[in-house]
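Tertiary structure, described
What follows is the residue order along each chain.
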Amino acid sequence: MNRREYLLAAASVFAMGSAPGAQAALAKAGDGPPEPPFDPQIRYGIKIPMRDGVQLSATLYLPRGLQTPRPTIFSLTPYTADLYHPEGVSFSANGYPYLSVDMRGRGESGGEFSPFVTDPDDGRDIVDWIAKQPFCNGKVGMCGLSYVGYTQWGTVRGDPAGLATIVPSAPAYIGFDFPIRYNIFFNFAATWLARVWGNTGRITVYQDGEYWSKQFLNFLESGLPFRKLTEYFGLDSKSFDEWMEHPHQDEYWDRANPTPEQFAKLTIPVLSLCGAYDGDQPGTLEFHRQHLKQAGDKAQHYLVIGPWGHLEVRKPKAEYYGIKVGEASVLDMPKLHREWFAFAMEGGKRPEFLKKKVAHYLMVADEWRYADTIEGVTSRYETLHLQSSGNPDSVYRSGTLGAAPARRSEPDHFVYDPRDLSVPKLEATLTQSHLLDQTMVLAASGGKLIYHSEPFESDTEVSGFFKFAAWIAIDQPDTDMLVSIYDIGPDGSSMFLTEQHMRARYRESLRAEKLIDTKAPLRYDFDRFFFVSRLIRKGHRLRLVVRPNEGLGWQKNYNSGKPVADETMADARTVTVRLYHDAAHPSALSIPIGQPNS
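Residues numbered from 1 in each chain as written. Predicted model: local features only at pLDDT ≥ 70, side-chain atom pairs only at ≥ 80, totals over all residues. Heavy atoms only, no water.

1. As for the overall build of the protein chain
Rules: Only DSSP runs of H or I covering at least 4 residues are called helices, and only runs of E covering at least 2 are called strands; the numbering of each starts at the N terminus. The size measure is the radius of gyration over C-alpha atoms, and the globule rule it meets is 2.2 Å times the number of residues to the 0.38 power. Only protein chains enter the accessibility calculation, which uses a 1.4 Å probe; a residue is then buried when its area is under 20% of its type maximum, exposed when over 50%, and partly exposed in between. It only takes one pair of heavy atoms within 4.5 Å for two residues to be counted as in contact. Here the accessible surface of atoms and residues is derived via Shrake-Rupley with a 1.4 Å probe, and residues count as covered only by protein chains that are part of the display.
A tally of helices and strands in the protein chain yields 16 helices and 27 strands. For a compact globule of 598 residues, the expected C-alpha radius of gyration is about 25 Å, and the protein chain comes in at 25 Å, within 12% of that figure. By its C-alpha atoms, the protein chain is 80 × 55 × 40 Å across when sized along the principal axes. Looking at the 598 residues of the protein chain, the share that counts as buried comes to 59%. Looking at the protein chain alone, contacts between residues at least 24 apart form 75% of all its contacts between residues at least 6 apart. In the form shown here, the protein chain has an accessible surface area of approximately 24,300 Å², with 50% of it arising from carbon and sulfur atoms.

Structure (structure tokens):
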């Protein structure tokens, strides 16, 4: 298709200046927001050749009547191009050509889908092809959520010359937070593979949460090894079989993400978006962290953390998961994206919303706060020490979180038998969001240890990353633990804040296992909690819960010390977990206190 066919003959004044300037010139007079200046024109089945001869299929959205080559945006998706129709309409209506591209082996594209493998080469080939098209002025940007956020970082690894900016929303950092998070596999990985198997979407079965909860429970009851998970669900997946051979971070996972050298040379503007309750928040922040670590002052990287769940990062809402947030949090994402692309690719002004490099939403206060760095969000840490006068295995006889460490204290403990499925069975019955529901914490079944702070004496901003240093002894070679933190109101209401799980064999490093060979207490540093920003009201308390990581969403660890993917119910070992908090072993929770509001 030649330039004349793309650059339609209709007259257009869209011949100079940045997008905001052109939109102002074309806006209709009168009150209210201006009408988009262009009518989107859709062209299906655009074929993009890859270096190995495979052709990828794309849906192209052109601003009808556009005569001047423009910066062009695309998304590379495994979920079929139709999913990004809203972006296509929005961008093209405002003067940006846009392509939604099916990944190889998905939708209408040729080749075989291989998660996390082909993205760098295909991404580069797409950028190179778009940059040469008659509708493009040589500058190419990317956007998209989740895996479509990751494909932007995969494309960075391909190092295409024409890539001018990326806007990754909630991208997974491969091997760090998907399909394993901190070296524990998601059961959801099987659900996701079912969604992207073959060329079609399978969105209906993917969204059937009740079906998957029941199936995961049935799989646990079968006692089969984890590596049989996809086979149990009737799915033949070479990718899953490969993953089972790489149970922790290693070169296999590293190949999917930019290298330190590639991060260091990345000087194009980057806008990262994620949410407080977004499952891929760890991935977003790890990309941000690695980019700044390697590129230093050369990194033009802005970060926005809203009070959102995963899907709300793409389309913010004031109410989700049973909670309500302020209207200020409901950003106009299409507008922010357009302003960013005008800034990054056309020399326009930086979006007014991005006052500093880091923006985070302070819940309860319902306002945006700003900092120069993610570390700068926190002014100091306040340390609370664990204490108890008896085993704190219930909210009604909990331990305490106090300012002073205990001098003499017996260790607390819980017992966990992996053959006991009462906790996942209870979880399978729940319908309310875990953010507000306390059923799992209040339940008599399941081992757990619970500690409460004293009521806060004044409203306090808690913003940043909690840290928990715990002295723990176990009597088996391995086990999985989960630490959760909640905001508890004077009326007993609960709001989930943050959590982190840990597999004991990876206590020292995510890149090498070390089974536990002593019954003596060892220090476990839980320092990978989700970012939180919340105003804790006067009279509220913090609740700390330590328990087995035995939910429906996670790979089962039977505590034997064998490769976890190969363990069966027959390998199960009951573990006693002892949590120490005496003078020699001062277990403590560190609370990130936010900066004073200037």
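After that view, the rundown keeps rolling.
2. What about the pairing of strand E17 (residues 412-416)?
Put simply, the test is: In this description, strands pair whenever DSSP reports at least two bridges between them.
Across the two faces of E17 the burial differs, with Asp412, Phe414 and Tyr416 buried and His413 and Val415 not buried at all. Alignment of E17 against strand E26 (residues 575-580), held across 5 bridges, turns out to be antiparallel. The residue bridging Asp412 from the neighbouring strand is Leu579, located in E26.

3. Here we look at the environment of Val364
Its place among the elements puts Val364 in the loop between strand E13 (358-362) and strand E14 (367-371). Residue classification places Val364 among the partly exposed residues on the basis of a relative accessible area of 28%. Between the C-alpha atom of Val364 and that of Gly326, which follows or precedes it by 38 residues, the distance is 8.2 Å. The contacts of Val364, once residues within four sequence positions are left out, are Arg534, Leu535 and Arg537.

4. What about the confidence of the model for the protein chain?
Under the convention used in this document: The score called pLDDT rates the predictor's confidence residue by residue, from a low of 0 to a high of 100.
Counting all residues, the mean pLDDT for the protein chain is 92, and 94% of those residues have values of 70 or more. Taken together, the stretch residues 1-30 has pLDDT below 50 and engages in 56 contacts with residues farther than four places along the chain or on a different chain.

5. A short note on the sheet that holds E13
Quick reminder of the rule: Interaxial angle, 0 to 180 degrees, is taken between N-to-C directions of lines fitted to C-alpha atoms, where a helix line uses only the stretch in contact.
Within the open sheet, the 10 strands sit side by side as E1-E2-E4-E3-E5-E6-E9-E10-E13-E14. Their pairing is mixed. Two strands close off the open sheet at either side, each with one partner strand: strand E1 (39-49) and E14. Averaged over all pairs of adjacent strands, the angle between strand axes in this sheet comes to 20°, irrespective of strand direction. As defined by bridge partners, strand E6 (residues 163-169) adjoins strand E9 (residues 270-277) across 2 bridges and the pair is classed as parallel. Considered in E9, the bridge of Ile166 is made with Val270. Strands in contact with helix H5 (residues 147-158) are strand E3 (70-77), strand E5 (136-145), E6, E9 and strand E10 (301-309); relative to E5, the strand with the most contacts, it is inclined by about 135°.

6. Describing the packing of aromatic side chains
The following threshold applies: Two rings belonging to Phe, Tyr or Trp (six-membered ring only in the last case) form a pair when the distance between their centres is within 6.5 Å. Interplanar angles under 30 degrees mark stacking, angles over 60 mark edge-to-face geometry, and anything in between is tilted. A positively charged side chain is recorded as over a ring if its NZ (Lys) or CZ (Arg) lies within 6 Å of the ring centre. The angle to the ring normal must also be within 35 degrees.
Scanning the model with the defined rule gives 46 aromatic pairs in all. The interplanar angle of 20° and the centroid separation of 5.6 Å between the aromatic rings of Phe116 and Tyr147 together place this pair among those described as stacked. Of the two residues, Phe116 is situated in the loop between strand E4 (98-102) and helix H4 (119-131) and Tyr147 in helix H5; the sequence distance between them amounts to 31 residues. Here Phe116 and Tyr147 have matching classes, each one buried. Each ring, one from Trp153 and one from Phe287, has its centre 4.7 Å from the other, and the planes form 0°; the classification is stacked. Residue Trp153 is located in helix H5, and its partner Phe287 is located in helix H13 (residues 281-295); the two are separated by 134 residues in the primary sequence. Judged by its relative accessible area of 0%, Trp153 falls in the buried class. Taking the ring centre of Tyr524 as reference, the NZ or CZ of Arg507 above it sits at 5.6 Å. Sitting over the face of the ring of Tyr182, Arg528 holds its NZ or CZ atom 5.8 Å from the ring centroid.

7. A look at the nonpolar core
Operational definition: Side-chain atoms within 4.5 Å link the members of a nonpolar core, which is a set of buried Ala, Val, Leu, Ile, Met, Phe, Trp, Tyr and Cys residues.
Phe74, Leu99, Trp243 and Val304 are the most contacted members of the largest nonpolar core, which totals 119 residues. The leading source of residues in this core is helix H14 (residues 333-346), at 8 residues.

8. Observations concerning H4
We apply this condition: Expected helix span is computed as 1.5 Å times (number of residues minus one).
Taking 1.5 Å per residue as the helical rise, H4 with its 13 residues ought to reach 18 Å, and the 18 Å between its terminal C-alpha atoms agrees with that figure. Taken together, the buried positions of H4 are occupied by Asp119, Pro120, Asp122, Gly123, Asp125, Ile126, Val127, Trp129 and Ile130.

9. Here's the deal with H5
It helps to recall that an α-helix has 3.6 residues per turn; residues three or four apart then point in one direction. Over its 12 residues, H5 extends 16 Å from the first C-alpha to the last, a length consistent with the 16 Å expected when each residue adds 1.5 Å. Taken residue by residue, H5 has Tyr147, Val148, Gly149, Tyr150, Thr151, Gln152, Trp153, Gly154, Thr155, Val156 and Gly158 as its buried positions.

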